[in-house]
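Observations on the model geometry
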Amino acid sequence: MQLSLTKKLSIPACSCDSNHPILTQTFSHTSKRLPTIAQVKSHIYTDRQWIEAGDFNRKKQLLTIAIRESYVGQSFVLLTDEFIRSLQRLCTDFTSIVEIGAGIGWLGHWLSEYGTRVQTSIDNKTWPGFPQDRYLDIVQKMDSLDYLHLHPEVQLFILAWPEEDDMASHIWRALRPGQHLLYIGEDRDGCTANNVFFELIHGHEVRNKATEEMRQSFLSFDDFHDQPHLYQKG
C-alpha cells in the first residue's frame, strides 16, 4: 500500500481537521465499528456518481478533498462497515489469511475487529521518514515476497494499492496453484500495479455471490477508481 499520493493536490482552505468523525471513527484503536456507507456519503462525495445526479456542493467538494488527503495518510482503501462485513463473509472460505504490502495495517486491523482471523499483516516498513511507531502492532516487518515464499500454507493473500511497479506481478508469479489473491486497486493503466500484472491475472478472477457482494459494498474516493477483485492461481 502506498503511503503518499503520487500526485499532490492543491487543497483550498477547508474546515476539515483530524477530528472529523469519518477519520476519528476509522482510525481509532478504541472504535468498534466503522462508518456506514450512508454516513460516509452524507459527508463526502464518492465514486463520481454525484456528477450524474447533478448534485454539486462546493463546500462538500472541498471537505471531500481535505478528508481524502488526511485519510490516505492512513489507508488508500475507503473502509466502511458494509465493505468489511462483506469481506468477513468472503473470508469464511479461507482458514489462513495474510495481508501483504499492508502499510500501517488498518485493513487487517478492521478485519480482525469484525471477527476475521488474519494471521498477520506484512510490510517492509521502509518508507522514508515514516515513523516506525505509527505502524499498528498487527504489522510484521518483512518483505512480502519473502513471507510468501516461506508460507505455502496461506490460502488467501490480501494486497491493497500496490505501487505502479513489478511488486504485484512478482507476487502473482510466486503464488502456488490454488492460492488466492484479493487485490484492491485500480485497473489497467491506473495508479496501482502495472500492466504486466493485469496480463498475468487475466482469466483468473473468481466470481460468485460473495465477490459480487464485496464489489457492491465497496466505495471509492472521488477521483479514485479502485475496486476489489479476487483471483485464484491455476
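What comes next concerns the included structure. All values derive from a computational prediction rather than experimental measurement. (Residues numbered from 1 in each chain as written. Predicted model: local features only at pLDDT ≥ 70, side-chain atom pairs only at ≥ 80, totals over all residues. Heavy atoms only, no water.)

1. Some thoughts on the sheet that holds strand β3 (residues 139–141)
Note: strands within a sheet are paired through backbone hydrogen bonds, in either parallel or antiparallel orientation. Strand order in the open sheet made by the 6 strands is β3-β2-β1-β4-β5-β6, with mixed pairing throughout. Looking at which strands have only one partner, the edges of the open sheet turn out to be β3 and β6 (227–232). The mean inter-strand angle of the sheet, taken between neighbouring strand axes irrespective of direction, is 25 degrees. Across the face of the sheet, helix α8 (residues 167–174) comes into contact with β1 (97–100), β4 (156–160), β5 (180–185) and β6 while running at roughly 175 degrees to β4. (Pairing = 2+ DSSP bridges. Helix = DSSP H or I, 4+ residues; strand = E, 2+ residues; numbered from the N terminus. Axes fitted to C-alpha atoms, helices over the stretch in contact; angles between N-to-C directions. Contact = heavy atoms within 4.5 Å.)

2. Describing the nonpolar core
Looking at soluble globular proteins, one finds that nonpolar side chains tend to be buried together. Core analysis: the largest hydrophobic core is formed by 47 residues, its most contacted members being Leu79, Ile84, Leu107 and Leu156. Of all the elements in the fold, those that place two or more residues in this core are α1 (21–26), α2 (37–43), α4 (58–71), α5 (81–91), α6 (106–113), β4, β5 and α10 (209–216). The element that contributes the greatest number of residues to this core is α5, accounting for 5 residues. Setting aside residues up to four positions removed in sequence, Leu79 forms contacts with Thr26, Leu34, Pro35, Tyr71, Ile84, Trp106, Leu107 and Trp110. (Core = buried A, V, L, I, M, F, W, Y, C linked by side-chain atoms within 4.5 Å. Buried < 20%, exposed > 50% of the residue type's maximum accessible area, 1.4 Å probe, protein only.)

3. Remarks on the packing of aromatic side chains
With the rule as written, the count across this model stands at 15 aromatic pairs. Judged by centre distance (5.2 Å) and plane angle (75 degrees), the rings of Phe130 and Tyr135 are edge-to-face. Assigned by exposure class, Phe130 and Tyr135 land together as buried. Here Phe197 and Tyr231 contribute two aromatic rings whose centre-to-centre distance is 6.4 Å and whose plane-to-plane angle is 90 degrees, an arrangement assigned as edge-to-face. Separated by 34 residues along the polypeptide, Phe197 in helix α9 (residues 195–201) and Tyr231 in strand β6 bring together distant segments of the chain. Just as Phe197 is buried, Tyr231 falls in that class too. (Phe/Tyr/Trp six-rings, centres within 6.5 Å; stacked < 30°, edge-to-face > 60°.)

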